[in-house]
Amino acid sequence: MTIVQFALYAMIGGGALLALVRLARGPSLLDRVVATDTLLVIIAAGLAVHAALAQDPTVVPVLVVVALLAFVGSVSVARYVGGMLLRSGTGDGRDLGLPVAAEDREASS
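Everything numeric here is computed off the predicted structure, so don't read it as measured data.

Undergrad: What's the story with the confidence of the model for the chain in this structure? I'm lost.
TA: Where the model shows low pLDDT, its predicted coordinates should not be examined in detail. Scored by pLDDT, the chain has a mean of 83; 78% of the residues are at 70 or more. Across the chain, the element-wise mean pLDDT spans from 58 in helix H4 (residues 102-108) up to 93 in helix H1 (residues 3-25).

Undergrad: What is the right way to look at the nonpolar core in this model?
TA: The tendency in soluble globular proteins is for nonpolar side chains to be buried side by side. One finds Ile12, Ala16, Ala19, Leu39, Ile42 and Val49 forming the largest nonpolar core, which totals 6 residues. Contributions of two or more residues to this core are made by H1 and helix H2 (29-54). Each residue touching Ala16, except ones within four places of it in the same chain, is listed here: Leu39 and Ile42.

Undergrad: Explain the environment of Gly26 to me, please; I cannot follow it from the model alone.
TA: Its location among the elements puts Gly26 in the loop between H1 and H2. Since its relative accessible area comes to 0%, Gly26 is described here as buried. Beyond its immediate sequence surroundings of up to four residues, Gly26 is in contact with Asp31 and Arg32.

Cut-off values and rules
Residues numbered from 1 in each chain as written. Predicted model: local features only at pLDDT ≥ 70, side-chain atom pairs only at ≥ 80, totals over all residues. Heavy atoms only, no water. pLDDT = per-residue confidence, 0-100. Helix = DSSP H or I, 4+ residues; strand = E, 2+ residues; numbered from the N terminus. Core = buried A, V, L, I, M, F, W, Y, C linked by side-chain atoms within 4.5 Å. Buried < 20%, exposed > 50% of the residue type's maximum accessible area, 1.4 Å probe, protein only. Contact = heavy atoms within 4.5 Å.

This is the structure:
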């Protein structure tokens, strides 16, 4: 393994570790969703780096599945949270643990 390969895998591993920390700490649902999406993108990048360095084209279908899983998961959670906001009636998401928008903070001060 060359220094470049070691550096690439170390950076991908470090990014995955940081995404896992954000996934565990939260604090809100949307933070965890973004961390999960980021982790899936990092996994896809790791698979792409491995496929390029090993010159192994058999990894490409797995890469496509991981990318589709990331996209479908993000869209599903966005639709779910959007439906929760519509049903809550207030529309600001405070009762759902969502972050307060900057306009709301300025209006309340």
